[in-house]
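A structural walkthrough
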Amino acid sequence: QVQLVESGGGLVEAGGSLRLSCAASGSFASANTMGWYRQAPGKERELVASITSGGSTNYADSLNGRLTISRNSAKNTVYLQMNSLKSEDTAVYYCNAHVLSRSTYRWNDYWGRGTQVTVSS
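These lines cover the structure that appears in this document, whether it is placed above or below. Since the structure is predicted, the reported quantities are computational estimates derived from the model, not experimental observations. (Residues numbered from 1 in each chain as written. Predicted model: local features only at pLDDT ≥ 70, side-chain atom pairs only at ≥ 80, totals over all residues. Heavy atoms only, no water.)

1. Things to note about the overall build of the protein
Using the following cut-off: Helix and strand labels come from DSSP, where a helix needs a run of H or I of at least four residues and a strand needs a run of E of at least two; each type is numbered from the N terminus. Summary of the burial criterion: residues with accessible area below 20% of their type's maximum are buried, those above 50% are exposed, and those between are partly exposed, where the area comes from a 1.4 Å probe applied to protein chains only. Only the protein chains shown count as cover for residues, with accessible areas throughout obtained via the Shrake-Rupley method and a probe of 1.4 Å. Asp and Glu count as negative and Lys and Arg as positive, but His and the ends of the chain are not part of the count. Charge positions are represented by NZ for Lys, CZ for Arg, CG for Asp and CD for Glu.
Per the secondary structure count, the protein includes zero helices and eleven strands. Dimensions of the protein along its principal axes, counting C-alpha atoms only, are 50 × 25 × 20 Å. A burial count over the protein gives 40% of its 121 residues as buried. Summing over all exposed atoms, the protein offers an accessible surface of approximately 6,500 Å²; the carbon and sulfur share of this is 44%. A distance of 10 Å separates the average location of the 11 positive side-chain charges in the protein from that of its 8 negative side-chain charges.

Now the structure itself:
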């Protein structure tokens, strides 16, 4: 089993910053792409940012410039630095990882339980 545990969410004023962390643990061979998605009330889950094992990054167009995704592959941890936060960034942020099973050698996607980010205006 693979577990993803997010941390770093909370309440912040508009214009402020937050840093989210997500650590993957369990029995797996390797983690390829890791990323962050978010879901606001009444809206669909959307990609925020992702990063491959090689360090290539992808950002949602509407968020580019305010976010930085990074990872520590040795610790199987991905980070999301969010700056200049706006009220519309309020959502539950979910960590996602594309992981190679040690037992089946198949790739699977795993999700964390999410961390709430609330931006007050």
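2. A look at the pattern of salt bridges
So the rule is basically this: Any Lys or Arg side-chain nitrogen found within 4 Å of a carboxyl oxygen on Asp or Glu counts as a salt bridge.
Inspection of the entire model under this criterion finds three salt bridges. The closest approach of N and O atoms between Asp 89 and Arg 38, which form a salt bridge, is 2.9 Å. Here Arg 38 lies in strand 4 (residues 28–39) and Asp 89 lies in the loop between strand 8 (77–82) and strand 9 (91–101), a separation of 51 residues in the sequence. For Asp 89, a relative accessible area of 3% corresponds to the buried category. Shared partners join several salt bridges into a network, and the residues in it are Arg 38, Glu 46, Arg 66 and Asp 89.

Take it as geometry only, folks, not as evidence of what the structure does.
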